Amino acid sequence: MSKRQHPGGSGTADVPQLTTTEEHKGRLAMVRRLHPVELEQLRKDMAESSAWAKAELKRRRAAKNQKNSEHGIDDGIEKC
C-alpha cells in the first residue's frame, strides 16, 4: 500500500496511511490520522468553544439569579 501526501504539505512529507474499518451497519469508513497542523487547529477550536460555553453558562446563571432575586425567589442555599 502507498502512503498519501498531505495536500498542504511540502509534497515530500509522508502522512500516515489511510486505513479502513467497518462501521455501523456494514458501511466502510475511511480513517486517517490528523496532520499536526490540523490537530493543533482542532485543539484551538475546542478550547475556544469550551471558553465560550463556560462564559455563556455563567451569563445565563447570573441572569437567572438576577431574575429570581427580583421576584424574591431564593435558591435555598444560605449565604454566610
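S.K.: I'd like a rundown of the overall build of the protein, residues and numbers included.
M.R.: Counting its secondary structure elements, the protein contains 1 helix and 2 strands. In sequence order, the secondary structure elements of the protein are arranged as β-β-α. Across the protein, every contact between residues at least 6 apart in sequence was considered, and the portion connecting residues at least 24 apart equals 6%. Accessible area for the protein stands at about 7,700 Å²; split by element, carbon and sulfur atoms hold 55% of it.

S.K.: Describe in detail a nonpolar patch on the surface, supporting the description with residues and values.
M.R.: A cluster of nonpolar side chains, contributed by Leu-34, Leu-42 and Met-46, occupies part of the molecular surface with about 280 Å² of accessible area. Its place among the elements puts Leu-42 in helix H1 (residues 36-70).

S.K.: Describe the confidence of the model for the protein, with residues and values.
M.R.: When pLDDT is averaged along the protein, the result is 77, and 57% of the positions lie at 70 or above. Across the protein, element-level confidence peaks in H1 with a mean pLDDT of 95 and bottoms out in strand E1 (residues 19-22) with 58.

Criteria and thresholds
Residues numbered from 1 in each chain as written. Predicted model: local features only at pLDDT ≥ 70, side-chain atom pairs only at ≥ 80, totals over all residues. Heavy atoms only, no water. Helix = DSSP H or I, 4+ residues; strand = E, 2+ residues; numbered from the N terminus. Contact = heavy atoms within 4.5 Å. Areas by Shrake-Rupley, 256 points an atom, 1.4 Å probe, with all protein chains shown as cover. Patch = residues over 30% accessible without salt bridge, like charges linked within 9 Å, V, L, I, M, F, W, Y side chains within 5 Å. Salt bridge = Lys/Arg side-chain N within 4 Å of Asp/Glu carboxyl O. pLDDT = per-residue confidence, 0-100.

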